[in-house]
Amino acid sequence: MRFIIVFLFVACCCCSCVVTDDNQPIQTFVIPHSHMDVGWVYTIQESMHAYAANVYSSVSEELSKHKERRFIAVEQEFFRLWWDTVATDSHKKQVRQLVKEGRLEFIIGGQVMHDEAVTDLNDEILQMTEGHGFLYQTFGVRPQFSWHVDPFGASATTPVLFALAGFNAHLISRVDYDLKDNMQKNKKLQFVWRASPSLKAQQEIFTHTMDQFSYCTPSSLPFSNSSGFYWNGVALFPDPPKDGVYPNMSLPVTKDTISAYAKTMVANIKERAAWFRTDHVLWPWGCDKQFYNSSVQFANMDPLMAYINQNSKELGVTVQYATLSEYFQAIHKSGLVWEVRGSEDFLPYSTEPFQAWTGFYASRNVLKGLARQASSRLHAAETLFTRYRISFPDGPVASAWALDKLRALRWAVSEVQHHDGITGTESPKVADMYLQHLLQGMMGAEELLAALFLLPHNLQVPSLLGRRHRTKGVHRSLEQHVIVYNPLAWNVTAIINITADLPSAAVFDEDGHPVPAQIQRSESNTTYDLFMMLELGGLQHRKYLIRFSDGSCHSESKTACAYEAKGVLFERRRVKEREKTGRRLLPVLNECYRLMFDQDTNLLHSITYFPEKQRVRLTQDFWEYEANGDVKAGPISDNYIFSANGSAVRAYDAVEMEIIPGKIVTEVRQYFYREENDKDYAYSITTRVPECSGARLPCHRLEQTYSVGPLHLNTEVVLRTSSSLKNNKTLYTDANGFQMMKRTFRKYVNNTLARNYFPMVRTAYVQDELSRLVLLSDRAHGVSSPASGQLEVMLHRRLWNNLAWNLGYNLTLNDSSVVRPTLWVLLGSLKAASKLHQRQAIELQHRPVVMPVDQPEKPWRGEEPGKTSPVRPVVLPPNLHLLSFSVPGWNYSANHDVHLNHLRSGETLHVEPDYDRVLLRIMHIYEEGDDPELSRPVTVNLKDVLQGVGEVEQLEERSLTGTWNISSLQRWTWKTADKPDQEDKYPPELQDFTVTISPKEIRTFFIHFSSTNL
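Quantities reported herein were computed from a predicted structural model and do not represent experimental measurements. (Residues numbered from 1 in each chain as written. Predicted model: local features only at pLDDT ≥ 70, side-chain atom pairs only at ≥ 80, totals over all residues. Heavy atoms only, no water.)

Asker: An account of the overall build of the chain is requested, with residue identities and associated values reported.
Answerer: What the chain contains, in helices and strands, is 19 helices and 46 strands. Relative to a compact globule of 1014 residues, whose C-alpha radius of gyration would be 31 Å, the chain shows 30 Å and is just as compact. The principal-axis extent of the C-alpha atoms belonging to the chain is close to 95 × 75 × 60 Å. Residues classed as buried in the chain amount to 63% of the 1014 residues present. Sequence separation of at least 24 residues holds for 77% of the intrachain contacts in the chain that already meet a minimum separation of 6. Of the roughly 37,800 Å² of accessible surface on the chain, 49% is carried by carbon and sulfur atoms. Between the centroid of the 105 positive side chains of the chain and the centroid of its 114 negative side chains there is a distance of 2 Å. (Helix = DSSP H or I, 4+ residues; strand = E, 2+ residues; numbered from the N terminus. Rg over C-alpha atoms; globule rule 2.2 N^0.38 Å. Buried < 20%, exposed > 50% of the residue type's maximum accessible area, 1.4 Å probe, protein only. Contact = heavy atoms within 4.5 Å. Areas by Shrake-Rupley, 256 points an atom, 1.4 Å probe, with all protein chains shown as cover. Lys, Arg positive; Asp, Glu negative; His and termini not counted. Charge placed at Lys NZ, Arg CZ, Asp CG, Glu CD.)

Asker: Pulling in residues and values, what's your account of the packing of aromatic side chains?
Answerer: Across all of its chains, the model carries 61 aromatic pairs by this definition. Taking 6.3 Å as the distance between ring centres and 90 degrees as the angle between the ring planes, the aromatic pair formed by Phe 134 and Phe 139 counts as edge-to-face. Just as Phe 134 is buried, Phe 139 falls in that class too. Measuring from ring centre to ring centre gives 5.2 Å for Phe 152 and Phe 360, while their planes differ by 80 degrees; the resulting arrangement is edge-to-face. Placement of the pair is Phe 152 in the loop between helix H4 (121-139) and helix H5 (157-164) and Phe 360 in the loop between strand S11 (355-356) and helix H11 (365-391), with a sequence separation of 208 residues. Given a relative accessible area of 1%, Phe 152 falls into the buried group. Put simply, the rings of Phe 71, Phe 223, Phe 229, Trp 231, Tyr 261, Trp 283, Trp 285, Phe 291, Phe 298 and Tyr 321 touch in pairs and so form one group of aromatic residues. One residue, Arg 701, lies across the ring of Trp 824, its end atom 4.0 Å from the ring centre. A cation over a ring is seen here: Lys 1000 above Phe 738, with NZ or CZ 5.1 Å from the ring centre. (Phe/Tyr/Trp six-rings, centres within 6.5 Å; stacked < 30°, edge-to-face > 60°. Lys NZ or Arg CZ within 6 Å of the ring centre and 35° of its normal.)

Asker: Before we move on, could you go through the pattern of salt bridges and cite the residues and values that matter?
Answerer: Here the structure, examined in full by the defined rule, presents 43 salt bridges. Salt-bridge contacts for Lys 200 lead to Glu 928; the nearest nitrogen and oxygen are separated by 2.7 Å. Residue Lys 200 is found in the loop between strand S5 (190-193) and strand S6 (205-209), and its partner Glu 928 is found in the loop between strand S42 (918-924) and strand S43 (938-941); the two are separated by 728 residues along the sequence. Residue Lys 200 is classed as partly exposed on the basis of its relative accessible area of 40%. Judged by its relative accessible area of 46%, Glu 928 is partly exposed. (Salt bridge = Lys/Arg side-chain N within 4 Å of Asp/Glu carboxyl O.)

Asker: How would you summarise the pairing of strand S16 (residues 517-521) if you had to cite specific residues and measurements?
Answerer: For S16, the buried fraction is high: 4 of the 5 residues fall into the buried class. Two strands pair when backbone bridges link them, and S16 and strand S17 (residues 528-536) are joined in this way by 5 bridges, in the antiparallel orientation. Opposite Gln 518, over in S17, you have Phe 531 as the bridge partner. Linking two consecutive strands that pair antiparallel, namely S16 and S17, is a turn of 6 residues; a positive phi of about 65 degrees is found at Asn 525 within it. In this structure, S16 lies alongside strand S19 (residues 563-564), joined through 2 bridges in parallel fashion. (Pairing = 2+ DSSP bridges.)

Asker: So what about the state of the cysteines? Which residues, and what values?
Answerer: Scanning the model with the defined rule gives 2 disulfides in all. Covalently, Cys 216 is tied to Cys 287 through a disulfide, its sulfur atoms 1.9 Å apart. Because the sign of the S-S torsion sets the handedness, a value of about 60 degrees for the bond joining Cys 216 and Cys 287 places this disulfide among the right-handed ones. In this pair, Cys 216 is assigned in the loop between S6 and helix H7 (258-273) and Cys 287 in the loop between strand S7 (280-285) and helix H8 (294-310), connecting sequence segments 71 residues apart. Across the pair, Cys 287 and Cys 216 agree in class, each one buried. The disulfide partner of Cys 592 is Cys 699, and the gap between their sulfur atoms is 1.7 Å. Taking the torsion about the sulfur-sulfur bond, which here is approximately 55 degrees, the covalent link between Cys 592 and Cys 699 counts as right-handed. In this pair, Cys 592 is assigned in the loop between strand S21 (585-589) and strand S22 (593-598) and Cys 699 in the loop between strand S28 (683-690) and strand S29 (702-708), connecting sequence segments 107 residues apart. (Disulfide = S-S within 2.5 Å.)

Asker: How would you summarise unusual backbone geometry if you had to cite specific residues and measurements?
Answerer: Going from Phe 237 to Pro 238, the amide bond is cis rather than trans, its omega being 5 degrees. Here Pro 238 shows up in the loop between S6 and H7. For the bond from Leu 347 to Pro 348, the omega torsion is -5 degrees, close enough to zero to count as cis. Along the chain, Pro 348 falls in the loop between strand S9 (340-341) and strand S10 (350-352). In this structure, Asn 525 is a non-glycine residue whose phi angle is positive, near 65 degrees. In the Ramachandran plot, Asn 736 falls in the positive-phi region, its phi being about 60 degrees despite a non-glycine side chain.

Asker: Before we move on, could you go through the sheet that holds strand S14 (residues 492-500) and cite the residues and values that matter?
Answerer: One open sheet holds the 4 strands; their spatial order is S14-S17-S16-S19, and the pairing between them is mixed. If you trace the sheet from one side to the other, it starts and ends with S14 and S19, each paired once.

Asker: Any details on the environment of Arg 746? Residues and values, ideally.
Answerer: Relative to the elements of secondary structure, Arg 746 occurs in the loop between strand S32 (739-743) and helix H14 (752-755). Remark: the alpha-carbon pair of Arg 746 and Thr 730, spanning 16 residues in sequence, is separated by 9.4 Å.

Asker: Tell me about the environment of Ala 451, and name the residues and values.
Answerer: The topology assignment puts Ala 451 in helix H13 (residues 428-454). Residue classification places Ala 451 among the buried positions, given a relative accessible area of 13%. On a C-alpha basis, the gap between Ala 451 and Val 397 in space is 6.6 Å, while along the polypeptide they are 54 residues apart.

Asker: I'd like to hear about empty space enclosed by the protein, residue by residue, with values.
Answerer: According to the stated counting rule, one finds 9 cavities of 30 Å³ or more in the structure shown. Of all the secondary-structure elements, those providing two or more residues to the lining of the largest cavity are H4, H11, helix H12 (399-415), strand S41 (880-886) and S42. For the lining of the largest cavity, the element with the highest residue contribution is H4, accounting for 6 residues. Of the residues contributing to the lining of the largest cavity, the split by class is 9 nonpolar, 7 polar and 5 charged. (1 Å grid on protein atoms, 1.4 Å probe; cavity = no way out; pocket = protein on both sides within 12 Å on 5 of 7 lines; lining within 4 Å. Points joined across faces, edges and corners; volume = space filled by probe spheres on them. Nonpolar A, V, L, I, M, F, W, Y, C, P; charged D, E, K, R; others polar.)

Asker: Summarise the sheet that holds strand S13 (residues 478-485); cite the residues concerned and give the values.
Answerer: Spatial ordering of the open sheet is given by S15-S18-S13-S39, a layout of 4 strands whose pairing is antiparallel. Only two strands of the sheet have a single neighbouring strand rather than two, namely strand S15 (504-508) and strand S39 (849-852). Averaged over all pairs of adjacent strands, the angle between their axes in this sheet comes to 25 degrees, without regard to strand direction. Note that S13 and S39 share 4 bridges and pair antiparallel. Note that in S39 the partner of Val 484 across the bridge is Val 850. Against the sheet, H11 makes contact with S13, strand S18 (541-549) and S39, and its axis sits at roughly 85 degrees relative to S13, the strand it touches most. (Axes fitted to C-alpha atoms, helices over the stretch in contact; angles between N-to-C directions.)

Asker: Could you give an account of helix H3 (residues 89-101), naming the residues involved and the relevant values?
Answerer: Because the α-helix completes a turn every 3.6 residues, residues three or four places apart line up on one side. If you check H3, its first and last C-alpha atoms are 19 Å apart, about what 13 residues at 1.5 Å a residue would give, namely 18 Å. For H3, every residue scored as buried is listed here: His 91, Val 95, Leu 98 and Val 99. Buried residues of H3, seen end-on, are gathered within an arc of 100 degrees and therefore sit on one face of the element. Counted as exposed and oriented over 90 degrees from the buried face of H3: Asp 89, Lys 93 and Lys 100. Check the buried side of H3 and you find it contacts helix H1 (44-63), helix H2 (76-85), strand S3 (104-106) and H4. Where H3 terminates, the next one or two residues include Gly 102, which has phi positive at roughly 80 degrees. (Expected span 1.5 Å × (residues − 1). Arc of directions from axis to C-beta.)

Have a look at this one:
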């Protein structure tokens, strides 16, 4: 987190008695907590050693001493590490008792407090599921409240997910400073949030916005130079002090100080009370890295609270230790009618006029990309292992070994979702830690995939490790086998790319049939790109044989040979201001588009969309913002903040172009040079136009890969797509891949550009009355529409500044990497485009997994296995997406009462994983009104859909993270003006395995397959 110190100014009259309407004192809920960043400045290991382990050890001990004390635990990663590696049997016994009594309460319950701007829906659900599974298996508890106090803005997706997980209330804090001021003045910090326009009241949730003091105790005391109410001081790194004396420990509460402490605390309580509608005040006691010495904390707060309660009539305030649930229960019992907030979010977020927290949307592009790759690889490994486990429960791939590999990657992907992780706002050593954990987890998943593919008896794939020997002779061809897996429950036609060392190739499927392919020299000029066009069923994999040669193709049939594409290089052109363009245009066509490139500039000039014969002027190039690094010279940009020091300038002087016409793809390579005579280019765009005549490959998808960097210091580089669309600077961006948000350009007195940047996780588009231009992304970026027709994507940032705070924590973002993100470009009529981007974004996220079985080598001859049919596909309707299909491994009874009895009896203290329970999630990917057909509810029989995997025997609907049986989940209802007494609506009971899924619904199930499969 980035902590902004809030000073408390206490007026002389603050201690006068303030009496509520019913002449009752203000009821104050003092909620002890410690904000424990899973990363940020220090690594997990450093934080565990310096303070995190001590938080849970000392809290469990101190809470056990007095029944009145409370504590809320939020991030599960630290708690689980403490539970597994530090906690003694005595600690565990204490914790179990405290949880049972409700005095230690788990809030949110995910592995981390995830970011809300740049995280993907899949990963938000994953990290919650991992934490909730641990808590339910270990303690039988299910978190019902959120504490999202530090993410940099609030997404409309988060409240929907929390409602689906069974939460009764949501808590946020970081919203725009001017908006929060207005909400405080008008007592609108609390509301009922209907964040999904399709789900509406079905998944609404009561939401509390923290006031201007946020989640920290007031940090200053009028009578002391020490921090306020932090009697344990400030955590020390790398080692805790041996004498227990920490820096900046607050003055002890004594007979000499207790009155001053009480006046300060009461004044703050009353100030807060004036901003809310009820007489209940949430008073968070804690901040970053607190309660590592809980004894000194409670030893001072206990007498202070007793003093205030003894003088409550005079002070007008009562105080009590509380958990978050106790506070929300009091609010719920008030019976007030609450305002409804629709699907608007709280992004972007600014703390001051020149502090727009929109820079982190693009910070550490490499980390953002790897996090999404790891998530995609995890999904592939989960689905493939689940199929394997159902079909071959006693197969050679040990379930325990496989689950260990999956859990390691689940942990790494969950961890990086932290609000100072994937955001790129951490120190370099913490970024390296995230990268290391992700790479290690991905290596484990690769090992698992290899075992599932290659060992015999798995999914009917013949072993490639059987008896064979090399053939003799002087044949110069080499052979390589690859397996390609489609991790989606849709049939797909895809182009995959394999790097080759030889210029000629032929590709064959398992039955020996030739596969359409194309080979060409790669951009490095030292290797070749082999493109293969493949058709794969849902959750299906196939094996392919590639024959390489260094001369002409040696295949028996020339039709089997990969088309050898040759490039045409165009002269480097300097781009001049106000130069007349469009005189010499060069077309690149497929069945959907005509792309026109200007030979005078080597830039894209226009695109015509053939079905409507609609031509859109469109060009793409790179621009850069120069960032200020001197705090004395004005506002700065850093990890968090984007503060443009003037308008963007063109980032290049000349452009070179190469076009490689092909039969699978036509590739256009554009190289951008900072100076006309530079030897090396600074940026590049590689556009692949699919040549899909007669094939099922979508022709409307233009794939673009960029190379950006290394950047000059204090520059922020954007890809600017300028079009003739009249969008009036209105932009649409996705909220975490779940729903689209309309972003209307707003003018501000200061910092208008930066405050009109928005997060793009998967999708962004601009449109007018005729056409829509869509960009789909393989990682998160910042995006804006600073001028009509423009779509500007921030791809990379490299910054340094002399702000003491940033220097002290090494948060200056001197990122010298080269980044290579991918965007897919779609253009079409509103009707055509409205049905495309939802599925295409998912296909970009989960592209086929390509696994080389061996290195190219001389052909083998041996006992060739007989021809086998590929596994049966699993195919959902086009508007339903298989969000999850996994073996979670958590072992608990699906019956809550039975599980609690097991816990009380001690039977589940040492449990073995449950390999037979399968978790299935299906999501309707369309909103109401997106498309006349695709936006309709869909009815499917899950037994029929999963027949290709096995025989479904039991099906039980669960909450989003699996810990509730949906029939027993009764969330609180909150009165609103339009429905003061409406009850929650829950899906009807399942009958004959048939489910109807409505727009934007996410339905979660536990499935057991027949024992004939297991």
